[in-house]
Amino acid sequence: MVKVKVKDLTKIFKKGKNIVVANDKISLEVDDGATFGILGESGGGKTTLLRQIAGLEIPTDGYIYFDEKVVSAPNKIIVEPENRNISLVFQNWALYPNMTIYDNIAFPLKNIKMPKSEIDKRVTEISETLNIKQVLKHYPREVSGGQMQRAALARALVKNPKLLLLDEPFSNLDAQIRDSARALVRKIQKELSLTTIIVSHDPADIFSIAEDAGVIVRGKFVQIGNVSELYNNPISETVSKLLGDINTVEGEVKEKAIVIGNLAIPFDKKIDLTEVKVGIRPEDMRISQAEIIKNYVNIGKVKVKVSSYSAGIFKLIVSPISDESIEFSVNSETHIRSGIEAFLFIRPEKMKLFDSNGNRIM
Ligand SMILES: Nc1ncnc2c1ncn2[C@@H]1O[C@H](COP(=O)(O)OP(=O)(O)OP(=O)(O)O)[C@@H](O)[C@H]1O
Ligand SMILES: [Mg+2]
(Lines give C-alpha, C1' and ligand atoms only; values in the text may rest on other atoms or scores of the structure.)
(Ligands and ions follow the chains in the order given, each with its own letter.)
Protein backbone atom coordinates (compact mmCIF):
# COMPACT_ATOMS: atom_id res chain seq x y z
CA MET A 1 0.00 0.00 0.00
CA VAL A 2 1.16 3.55 0.43
CA LYS A 3 2.26 6.04 3.05
CA VAL A 4 0.77 9.50 2.62
CA LYS A 5 2.46 12.67 3.80
CA VAL A 6 1.03 16.15 3.50
CA LYS A 7 3.29 19.09 4.28
CA ASP A 8 2.09 22.67 4.83
CA LEU A 9 -0.64 22.25 2.26
CA THR A 10 -2.51 25.43 1.44
CA LYS A 11 -5.37 25.95 -0.98
CA ILE A 12 -6.71 29.40 -1.73
CA PHE A 13 -9.74 29.87 -3.96
CA LYS A 14 -10.07 33.26 -5.61
CA LYS A 15 -13.23 34.44 -7.28
CA GLY A 16 -13.04 38.12 -8.14
CA LYS A 17 -12.58 39.93 -4.87
CA ASN A 18 -13.63 36.91 -2.86
CA ILE A 19 -10.71 34.95 -1.39
CA VAL A 20 -11.26 31.72 0.53
CA VAL A 21 -8.40 30.00 2.34
CA ALA A 22 -9.89 26.51 2.22
CA ASN A 23 -6.78 24.75 3.54
CA ASP A 24 -4.23 26.61 5.62
CA LYS A 25 -0.79 24.98 6.08
CA ILE A 26 -2.12 21.51 6.73
CA SER A 27 0.32 18.76 7.62
CA LEU A 28 -0.42 15.11 8.29
CA GLU A 29 1.06 11.65 7.93
CA VAL A 30 -0.77 8.39 7.38
CA ASP A 31 1.36 5.28 7.59
CA ASP A 32 1.16 2.46 5.13
CA GLY A 33 -2.03 0.50 5.95
CA ALA A 34 -3.18 2.99 8.59
CA THR A 35 -6.46 4.88 8.84
CA PHE A 36 -6.84 8.62 9.34
CA GLY A 37 -9.96 10.70 9.87
CA ILE A 38 -10.58 14.35 9.14
CA LEU A 39 -13.36 15.84 11.21
CA GLY A 40 -14.83 19.29 10.82
CA GLU A 41 -17.92 21.33 10.29
CA SER A 42 -19.42 22.18 6.92
CA GLY A 43 -17.18 24.45 4.86
CA GLY A 44 -14.17 23.61 7.04
CA GLY A 45 -12.09 22.46 4.08
CA LYS A 46 -12.38 18.66 4.30
CA THR A 47 -13.32 17.91 0.70
CA THR A 48 -10.71 20.35 -0.58
CA LEU A 49 -8.03 18.49 1.37
CA LEU A 50 -9.19 15.11 0.07
CA ARG A 51 -9.39 16.38 -3.52
CA GLN A 52 -5.83 17.66 -3.27
CA ILE A 53 -4.65 14.27 -2.02
CA ALA A 54 -6.49 12.66 -4.93
CA GLY A 55 -4.75 15.05 -7.34
CA LEU A 56 -8.01 16.64 -8.47
CA GLU A 57 -7.08 20.02 -7.05
CA ILE A 58 -3.76 21.86 -7.46
CA PRO A 59 -2.18 23.09 -4.20
CA THR A 60 -1.59 26.80 -3.85
CA ASP A 61 1.33 25.91 -1.61
CA GLY A 62 2.82 22.89 0.11
CA TYR A 63 3.57 19.31 -0.87
CA ILE A 64 1.96 15.88 -0.95
CA TYR A 65 4.09 12.73 -0.91
CA PHE A 66 3.08 9.13 -1.63
CA ASP A 67 5.76 7.07 0.07
CA GLU A 68 8.73 9.39 -0.40
CA LYS A 69 7.72 10.56 -3.88
CA VAL A 70 6.32 14.07 -4.41
CA VAL A 71 2.93 13.82 -6.15
CA SER A 72 1.78 17.45 -5.74
CA ALA A 73 3.82 20.61 -5.30
CA PRO A 74 3.01 24.36 -5.22
CA ASN A 75 0.88 25.08 -8.29
CA LYS A 76 1.80 21.73 -9.77
CA ILE A 77 0.36 18.24 -10.13
CA ILE A 78 3.36 15.94 -10.50
CA VAL A 79 1.53 12.61 -10.57
CA GLU A 80 -1.84 12.72 -12.35
CA PRO A 81 -4.88 11.43 -10.43
CA GLU A 82 -5.29 8.37 -12.67
CA ASN A 83 -1.72 7.33 -11.86
CA ARG A 84 -2.09 7.66 -8.10
CA ASN A 85 -3.76 4.30 -7.64
CA ILE A 86 -6.51 5.62 -5.42
CA SER A 87 -10.17 5.05 -5.02
CA LEU A 88 -12.28 8.02 -4.09
CA VAL A 89 -15.75 7.40 -2.66
CA PHE A 90 -18.16 10.29 -2.25
CA GLN A 91 -21.47 10.57 -0.41
CA ASN A 92 -23.12 9.01 -3.37
CA TRP A 93 -22.41 5.30 -3.63
CA ALA A 94 -25.15 4.99 -6.19
CA LEU A 95 -24.84 2.21 -8.72
CA TYR A 96 -25.78 2.62 -12.39
CA PRO A 97 -29.40 1.37 -12.43
CA ASN A 98 -29.30 0.08 -16.01
CA MET A 99 -26.24 -2.11 -15.44
CA THR A 100 -26.06 -5.45 -13.63
CA ILE A 101 -24.13 -5.65 -10.37
CA TYR A 102 -21.36 -7.39 -12.35
CA ASP A 103 -21.13 -4.56 -14.89
CA ASN A 104 -21.23 -1.97 -12.15
CA ILE A 105 -18.25 -3.56 -10.41
CA ALA A 106 -16.42 -4.13 -13.70
CA PHE A 107 -16.97 -0.54 -14.85
CA PRO A 108 -13.69 0.99 -13.57
CA LEU A 109 -11.74 -1.87 -15.17
CA LYS A 110 -13.48 -1.58 -18.53
CA ASN A 111 -12.64 2.09 -18.39
CA ILE A 112 -8.94 1.30 -18.31
CA LYS A 113 -9.44 -1.34 -21.06
CA MET A 114 -8.37 -4.30 -18.98
CA PRO A 115 -8.61 -7.67 -20.80
CA LYS A 116 -11.95 -9.44 -20.28
CA SER A 117 -10.49 -12.51 -18.57
CA GLU A 118 -8.63 -10.37 -16.05
CA ILE A 119 -11.79 -8.33 -15.38
CA ASP A 120 -13.68 -11.55 -14.76
CA LYS A 121 -11.07 -12.77 -12.31
CA ARG A 122 -11.03 -9.50 -10.38
CA VAL A 123 -14.82 -9.13 -10.19
CA THR A 124 -15.20 -12.73 -9.02
CA GLU A 125 -12.53 -12.29 -6.38
CA ILE A 126 -13.87 -9.07 -4.87
CA SER A 127 -17.48 -10.27 -4.94
CA GLU A 128 -16.42 -13.39 -3.04
CA THR A 129 -14.69 -11.25 -0.44
CA LEU A 130 -17.80 -9.10 -0.08
CA ASN A 131 -20.27 -11.97 -0.31
CA ILE A 132 -22.30 -10.76 -3.31
CA LYS A 133 -21.37 -13.42 -5.86
CA GLN A 134 -24.95 -14.69 -5.91
CA VAL A 135 -26.34 -11.34 -7.11
CA LEU A 136 -23.84 -10.47 -9.87
CA LYS A 137 -26.49 -10.97 -12.59
CA HIS A 138 -29.08 -8.87 -10.78
CA TYR A 139 -29.84 -5.23 -11.39
CA PRO A 140 -29.45 -2.80 -8.47
CA ARG A 141 -33.25 -2.67 -7.97
CA GLU A 142 -33.23 -6.44 -7.45
CA VAL A 143 -30.86 -6.51 -4.48
CA SER A 144 -31.09 -5.45 -0.85
CA GLY A 145 -29.73 -2.18 0.53
CA GLY A 146 -26.83 -3.99 2.16
CA GLN A 147 -25.96 -5.83 -1.08
CA MET A 148 -26.09 -2.55 -2.98
CA GLN A 149 -23.69 -1.07 -0.47
CA ARG A 150 -21.31 -3.98 -0.84
CA ALA A 151 -21.50 -3.78 -4.63
CA ALA A 152 -20.58 -0.10 -4.46
CA LEU A 153 -17.67 -0.92 -2.17
CA ALA A 154 -16.61 -3.69 -4.56
CA ARG A 155 -16.60 -1.16 -7.41
CA ALA A 156 -14.39 1.11 -5.31
CA LEU A 157 -11.95 -1.68 -4.51
CA VAL A 158 -11.82 -3.68 -7.73
CA LYS A 159 -8.90 -1.69 -9.12
CA ASN A 160 -6.84 -2.75 -6.08
CA PRO A 161 -6.25 0.83 -5.01
CA LYS A 162 -3.36 1.60 -2.71
CA LEU A 163 -5.27 4.37 -1.05
CA LEU A 164 -8.94 4.65 -0.19
CA LEU A 165 -10.33 8.17 0.17
CA LEU A 166 -13.82 8.43 1.66
CA ASP A 167 -15.78 11.70 1.66
CA GLU A 168 -18.82 11.49 3.98
CA PRO A 169 -19.48 8.02 2.58
CA PHE A 170 -22.23 7.06 5.02
CA SER A 171 -24.31 10.21 5.26
CA ASN A 172 -26.85 9.21 2.61
CA LEU A 173 -27.48 5.75 4.00
CA ASP A 174 -30.43 4.65 6.10
CA ALA A 175 -29.61 4.47 9.78
CA GLN A 176 -30.07 0.66 9.78
CA ILE A 177 -27.44 -0.04 7.15
CA ARG A 178 -25.11 2.78 8.16
CA ASP A 179 -23.57 0.82 11.03
CA SER A 180 -23.10 -2.32 8.98
CA ALA A 181 -21.58 -0.28 6.13
CA ARG A 182 -19.10 1.28 8.54
CA ALA A 183 -18.21 -2.12 9.95
CA LEU A 184 -17.80 -3.56 6.47
CA VAL A 185 -15.48 -0.79 5.30
CA ARG A 186 -13.41 -1.21 8.45
CA LYS A 187 -13.21 -4.99 8.01
CA ILE A 188 -12.14 -4.76 4.36
CA GLN A 189 -9.70 -1.98 5.16
CA LYS A 190 -8.05 -4.24 7.75
CA GLU A 191 -8.06 -7.34 5.58
CA LEU A 192 -6.44 -5.51 2.67
CA SER A 193 -4.26 -3.27 4.90
CA LEU A 194 -5.58 -0.45 2.78
CA THR A 195 -4.31 3.00 3.68
CA THR A 196 -7.53 4.94 4.26
CA ILE A 197 -8.48 8.56 4.80
CA ILE A 198 -12.07 9.40 5.72
CA VAL A 199 -13.55 12.88 6.06
CA SER A 200 -16.80 13.57 7.84
CA HIS A 201 -18.63 15.98 10.09
CA ASP A 202 -20.01 12.96 11.97
CA PRO A 203 -17.73 11.72 14.76
CA ALA A 204 -19.40 8.27 14.56
CA ASP A 205 -17.89 7.82 11.06
CA ILE A 206 -14.47 8.82 12.31
CA PHE A 207 -14.66 6.59 15.40
CA SER A 208 -15.73 3.55 13.42
CA ILE A 209 -13.07 3.87 10.70
CA ALA A 210 -10.07 5.86 11.90
CA GLU A 211 -7.39 5.30 14.53
CA ASP A 212 -6.02 8.83 14.33
CA ALA A 213 -7.72 12.00 13.22
CA GLY A 214 -7.24 15.69 12.62
CA VAL A 215 -9.84 18.29 13.49
CA ILE A 216 -10.13 21.00 10.85
CA VAL A 217 -11.60 24.40 11.72
CA ARG A 218 -11.77 27.11 9.04
CA GLY A 219 -9.10 25.40 6.96
CA LYS A 220 -6.65 24.77 9.79
CA PHE A 221 -5.83 21.63 11.72
CA VAL A 222 -6.42 22.62 15.33
CA GLN A 223 -5.74 19.23 16.90
CA ILE A 224 -4.38 15.90 15.68
CA GLY A 225 -4.26 12.69 17.65
CA ASN A 226 -5.66 9.33 18.50
CA VAL A 227 -9.47 9.48 18.30
CA SER A 228 -10.08 8.65 21.96
CA GLU A 229 -7.47 11.21 22.98
CA LEU A 230 -9.37 13.82 20.94
CA TYR A 231 -12.63 12.77 22.57
CA ASN A 232 -11.30 12.78 26.12
CA ASN A 233 -8.82 15.61 25.82
CA PRO A 234 -10.05 18.23 23.37
CA ILE A 235 -7.99 21.42 23.31
CA SER A 236 -11.03 23.64 22.97
CA GLU A 237 -14.78 23.83 23.32
CA THR A 238 -15.09 23.73 19.51
CA VAL A 239 -13.11 20.50 19.27
CA SER A 240 -15.03 18.96 22.19
CA LYS A 241 -18.32 19.64 20.37
CA LEU A 242 -17.12 18.30 17.02
CA LEU A 243 -16.20 15.03 18.73
CA GLY A 244 -19.62 14.44 20.31
CA ASP A 245 -22.38 15.72 22.57
CA ILE A 246 -21.13 17.82 25.44
CA ASN A 247 -22.80 20.21 27.88
CA THR A 248 -20.96 23.53 28.19
CA VAL A 249 -22.41 25.69 30.90
CA GLU A 250 -21.10 28.87 32.49
CA GLY A 251 -20.06 28.62 36.12
CA GLU A 252 -18.72 30.94 38.80
CA VAL A 253 -15.43 30.00 40.45
CA LYS A 254 -15.79 30.21 44.23
CA GLU A 255 -13.36 29.21 46.95
CA LYS A 256 -14.23 25.52 47.06
CA ALA A 257 -16.63 25.04 44.19
CA ILE A 258 -17.75 26.01 40.73
CA VAL A 259 -21.27 27.28 41.13
CA ILE A 260 -24.03 27.00 38.53
CA GLY A 261 -27.29 28.31 40.02
CA ASN A 262 -28.07 26.04 42.96
CA LEU A 263 -25.54 23.46 41.74
CA ALA A 264 -22.02 23.30 43.17
CA ILE A 265 -19.19 21.23 41.71
CA PRO A 266 -16.45 20.72 44.32
CA PHE A 267 -13.29 22.46 43.07
CA ASP A 268 -10.26 23.49 45.09
CA LYS A 269 -7.65 24.23 42.41
CA LYS A 270 -6.31 27.77 42.09
CA ILE A 271 -7.16 29.48 38.82
CA ASP A 272 -7.12 33.16 37.87
CA LEU A 273 -10.59 33.24 36.41
CA THR A 274 -13.82 34.03 38.21
CA GLU A 275 -15.97 32.64 35.38
CA VAL A 276 -15.39 29.40 33.48
CA LYS A 277 -17.29 27.18 31.08
CA VAL A 278 -17.81 23.71 32.47
CA GLY A 279 -17.80 20.97 29.84
CA ILE A 280 -19.24 17.56 30.66
CA ARG A 281 -20.54 14.85 28.34
CA PRO A 282 -24.03 13.36 28.89
CA GLU A 283 -22.58 9.90 29.58
CA ASP A 284 -20.50 11.30 32.44
CA MET A 285 -23.60 12.45 34.35
CA ARG A 286 -26.36 10.62 36.22
CA ILE A 287 -29.67 11.45 37.79
CA SER A 288 -30.86 9.79 40.95
CA GLN A 289 -33.20 10.20 43.85
CA ALA A 290 -30.53 8.62 46.05
CA GLU A 291 -27.99 11.05 47.50
CA ILE A 292 -24.90 8.97 46.80
CA ILE A 293 -23.69 7.08 43.71
CA LYS A 294 -20.29 5.40 43.75
CA ASN A 295 -17.60 7.19 41.67
CA TYR A 296 -19.91 10.17 41.11
CA VAL A 297 -20.30 13.48 42.92
CA ASN A 298 -23.72 14.85 43.81
CA ILE A 299 -23.81 18.47 42.65
CA GLY A 300 -27.35 19.40 43.63
CA LYS A 301 -31.01 19.25 42.80
CA VAL A 302 -32.41 19.45 39.28
CA LYS A 303 -35.76 19.08 37.61
CA VAL A 304 -36.27 16.76 34.65
CA LYS A 305 -37.71 18.79 31.77
CA VAL A 306 -37.67 16.34 28.88
CA SER A 307 -37.27 12.59 28.83
CA SER A 308 -36.76 10.73 25.56
CA TYR A 309 -35.43 7.38 24.40
CA SER A 310 -32.93 6.49 21.69
CA ALA A 311 -30.69 3.52 20.94
CA GLY A 312 -30.93 1.82 24.31
CA ILE A 313 -30.57 4.89 26.51
CA PHE A 314 -32.90 7.45 27.96
CA LYS A 315 -31.91 11.02 27.19
CA LEU A 316 -32.93 13.59 29.72
CA ILE A 317 -32.85 17.36 29.68
CA VAL A 318 -32.58 18.69 33.23
CA SER A 319 -32.34 22.17 34.78
CA PRO A 320 -31.13 23.35 38.17
CA ILE A 321 -34.24 24.03 40.27
CA SER A 322 -33.01 27.62 40.71
CA ASP A 323 -32.83 28.39 37.00
CA GLU A 324 -34.84 26.80 34.19
CA SER A 325 -32.83 28.58 31.50
CA ILE A 326 -29.76 26.44 32.23
CA GLU A 327 -29.95 22.98 30.71
CA PHE A 328 -27.93 19.77 30.87
CA SER A 329 -28.37 16.79 28.64
CA VAL A 330 -27.92 13.63 30.71
CA ASN A 331 -27.94 9.93 29.79
CA SER A 332 -29.93 7.62 31.99
CA GLU A 333 -30.28 3.83 32.06
CA THR A 334 -33.78 4.08 33.45
CA HIS A 335 -36.80 6.07 32.44
CA ILE A 336 -37.36 9.16 34.59
CA ARG A 337 -40.54 11.12 34.04
CA SER A 338 -40.41 14.80 33.22
CA GLY A 339 -41.37 17.03 36.13
CA ILE A 340 -39.53 14.88 38.67
CA GLU A 341 -36.89 16.46 40.92
CA ALA A 342 -33.72 14.49 41.58
CA PHE A 343 -30.01 14.88 42.25
CA LEU A 344 -27.56 15.47 39.43
CA PHE A 345 -24.27 13.58 39.60
CA ILE A 346 -21.08 13.98 37.60
CA ARG A 347 -17.83 12.08 37.24
CA PRO A 348 -15.51 14.87 38.36
CA GLU A 349 -12.43 13.51 36.56
CA LYS A 350 -14.30 13.81 33.23
CA MET A 351 -15.07 17.50 33.67
CA LYS A 352 -13.31 19.93 31.31
CA LEU A 353 -12.95 23.64 31.92
CA PHE A 354 -12.80 26.26 29.19
CA ASP A 355 -12.24 30.01 29.37
CA SER A 356 -14.74 32.48 27.87
CA ASN A 357 -13.03 32.09 24.45
CA GLY A 358 -13.52 28.35 24.55
CA ASN A 359 -9.86 27.50 25.15
CA ARG A 360 -9.27 24.55 27.41
CA ILE A 361 -7.80 25.58 30.76
CA MET A 362 -8.13 22.32 32.64
N1 LIG B 1 -14.01 25.37 -6.42
C2 LIG B 1 -14.17 26.25 -5.44
N3 LIG B 1 -14.18 27.58 -5.70
C4 LIG B 1 -14.32 28.49 -4.72
N5 LIG B 1 -14.47 28.19 -3.42
C6 LIG B 1 -14.49 26.87 -3.10
C7 LIG B 1 -14.35 25.84 -4.08
N8 LIG B 1 -14.40 24.64 -3.46
C9 LIG B 1 -14.58 24.91 -2.15
N10 LIG B 1 -14.63 26.23 -1.92
C11 LIG B 1 -14.76 26.89 -0.61
O12 LIG B 1 -13.75 26.37 0.26
C13 LIG B 1 -14.24 26.18 1.57
C14 LIG B 1 -14.04 24.72 1.97
O15 LIG B 1 -14.88 23.92 1.18
P16 LIG B 1 -14.93 22.32 1.31
O17 LIG B 1 -15.82 21.79 0.26
O18 LIG B 1 -13.54 21.80 1.33
O19 LIG B 1 -15.59 22.14 2.76
P20 LIG B 1 -16.08 20.82 3.49
O21 LIG B 1 -15.40 20.80 4.81
O22 LIG B 1 -15.90 19.65 2.62
O23 LIG B 1 -17.62 21.12 3.73
P24 LIG B 1 -18.90 20.11 3.72
O25 LIG B 1 -18.88 19.42 5.06
O26 LIG B 1 -20.06 21.03 3.60
O27 LIG B 1 -18.75 19.17 2.58
C28 LIG B 1 -15.70 26.63 1.53
O29 LIG B 1 -15.75 27.95 2.00
C30 LIG B 1 -16.06 26.54 0.07
O31 LIG B 1 -17.07 27.46 -0.24
MG1 LIG C 1 -17.24 18.26 1.77
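Refer to the structure above for everything that follows.
What you see is a predicted model; the values in this text were computed from it and never measured.

Criteria and thresholds
Residues numbered from 1 in each chain as written. Chains lettered and ligands numbered in written order. Predicted model: local features only at pLDDT ≥ 70, side-chain atom pairs only at ≥ 80, totals over all residues. Axes fitted to C-alpha atoms, helices over the stretch in contact; angles between N-to-C directions. Helix = DSSP H or I, 4+ residues; strand = E, 2+ residues; numbered from the N terminus. Parallel < 35°, antiparallel > 145°, perpendicular 65-115°, else oblique. Left-handed = near helix turned anticlockwise from the far one by under 90°. Contact = placed C-beta atoms within 7 Å. Nonpolar A, V, L, I, M, F, W, Y, C, P; charged D, E, K, R; others polar. Near = placed C-beta within 6 Å. Pairing = 2+ DSSP bridges. Expected span 1.5 Å × (residues − 1). Buried ≥ 20, exposed ≤ 12 C-beta atoms within 10 Å, placed from the backbone.

Considering the packing of helix H2 (residues 101-111) against helix H4 (residues 145-157)
Viewed as axis vectors pointing N to C, H2 and H4 meet at an angle of 25°, and their least axial separation amounts to 7 Å. When the axis of H2 is compared with that of H4, the two are roughly parallel. Two packed elements cross with a definite hand, and for H2 against H4 that hand is right-handed. Contacts from Ile101, Asn104, Ile105, Phe107 and Pro108 of H2 reach H4 at Ala151, Ala154 and Arg155. Of the residues in the contact of H2 with H4, the class split is 6 nonpolar, 1 polar and 1 charged.

Quick notes on the site of ligand 1
Near ligand 1 you find 13 residues, and of these Phe13, Ser42, Lys46, Thr47 and Thr48 are the closest. Secondary-structure elements contributing two or more residues to the shell around ligand 1 are strand S1 (4-15), strand S2 (18-30) and helix H1 (46-54). Looking at the shell around ligand 1 element by element, the count peaks at 3 residues for H1.

Quick notes on the sheet that holds strand S13 (residues 257-260)
The pairing of strands in a sheet happens through backbone hydrogen bonds and is either parallel or antiparallel. A sheet is described by the order of its strands in space; here 5 strands give the open sequence S14-S13-S12-S15-S21, paired in antiparallel fashion. Among the strands making up the open sheet, the edge pair consists of strand S14 (263-266) and strand S21 (352-354). Neighbouring strand axes in the sheet, compared pairwise and without regard to direction, differ in orientation by 40° on average. As paired elements, strand S12 (residues 247-253) and strand S15 (residues 275-280) share 6 bridges and run antiparallel to each other. If you follow glutamate 250 over to S15, its bridge partner there is lysine 277.

Examining H4
Residues three or four positions apart in an α-helix share a direction because the helix packs 3.6 residues into each turn. Helix length check: H4 (13 residues) gives 18 Å between terminal C-alpha atoms against 18 Å at 1.5 Å per residue, within 8%. In terms of residue burial, H4 counts as a mostly covered element, since 10 of its 13 residues are buried. Along H4, the residues classified as buried are Met148, Gln149, Arg150, Ala151, Ala152, Leu153, Ala154, Arg155, Ala156 and Leu157. At its buried positions, H4 is contacted by strand S7 (86-89), H2, helix H3 (116-129) and helix H5 (175-192).

A few points about the pairing of S14
Sheet topology places S13 next to S14; 4 bridges connect them, and they run antiparallel. Note that in S14 the partner of isoleucine 260 across the bridge is leucine 263. Counted between consecutive antiparallel strands, the loop separating S13 from S14 contains 2 residues, among which glycine 261 sits at a positive phi close to 60°.

Function-wise, these values are silent; they only describe arrangement.
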